[in-house]
Amino acid sequence: MVNVRPDVLVVPSSLPPFAKVVESVLVINPGYLSKRRGAGTYAKMTVYPPDLSKQEQTGGMLAHRIFERARVEITRI
């Protein structure tokens with residue numbers, strides 16, 4: 001388990017909301033949905049199916065590469 005990384009990492013914090021790729025990991029900071037003074041932000045993630053070639057369909061291990069197939073939208077309420 002030493003060389004294992006997650007595909008997606010969601011970590012809400014008080015930093016400005018963002019979505020970026022760090023070493024093939026999609027990191028999402030949606031911010032807080034509710035703040036004391038008013039509304040906050042949330043993230044909507046859409047993952048598209050992989051486009052497999054015939055070589056990849058034959059079998060074997062296949063990397064997920066979620067960061068290439070995902071779309072993240074951060075919306076302010």
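Structural data are supplied above this passage.
Because the structure is a prediction, the values reported are computed rather than measured.

What counts, and at which threshold
Residues numbered from 1 in each chain as written. Predicted model: local features only at pLDDT ≥ 70, side-chain atom pairs only at ≥ 80, totals over all residues. Heavy atoms only, no water. Salt bridge = Lys/Arg side-chain N within 4 Å of Asp/Glu carboxyl O. Helix = DSSP H or I, 4+ residues; strand = E, 2+ residues; numbered from the N terminus. Buried < 20%, exposed > 50% of the residue type's maximum accessible area, 1.4 Å probe, protein only. Phe/Tyr/Trp six-rings, centres within 6.5 Å; stacked < 30°, edge-to-face > 60°. Lys NZ or Arg CZ within 6 Å of the ring centre and 35° of its normal. Pairing = 2+ DSSP bridges.

Participant: Explanation requested: the pattern of salt bridges in the structure shown.
Facilitator: Any two side chains of opposite charge can pair if their charged atoms end up close together. Evaluated as defined, the whole model comprises three salt bridges. We note a salt bridge from Glu 23 to Arg 5, for which the minimum N-O separation is 3.3 Å. One end of the pair, Glu 23, is in the loop between β2 (18–22) and β3 (25–29); the other, Arg 5, is in the segment before β1 (8–10), and 18 residues separate them in sequence. With relative accessibility at 60%, the residue Glu 23 sits in the exposed group.

Participant: Honestly, the packing of aromatic side chains in this entry has me stumped. Any pointers?
Facilitator: Any pair of aromatic rings gets described here by the distance separating the centres and the angle formed by the planes. One pass over the full model with this rule turns up zero aromatic pairs. The ring of Phe 18 has Lys 20 lying over it, and the distance from NZ or CZ to the ring centre is 5.5 Å.

Participant: Can you walk me through unusual backbone geometry in this structure?
Facilitator: Leaving glycine out, the prevailing phi sign among residues is negative, and the prevailing peptide bond configuration is trans. Residue Glu 23 is not a glycine yet carries a positive backbone phi of 50°. Phi angles above zero are rare outside glycine, and Arg 65 is one such case at about 50°. Among the secondary structure elements, Arg 65 is positioned in the loop between α1 (54–57) and α2 (66–69). Residue classification places Arg 65 among the partly exposed positions, given a relative accessible area of 42%.

Participant: Just to check I follow, could you spell out the pairing of β3 for this structure?
Facilitator: Two faces belong to every sheet, and in a regular strand the side chains alternate between them. A large share of β3 lies buried, amounting to five of its five residues. The sheet contact formed by β2 and β3 spans five bridges and is antiparallel. Each residue of the ladder has a partner; that of Ala 19, found in β3, is Ile 28.

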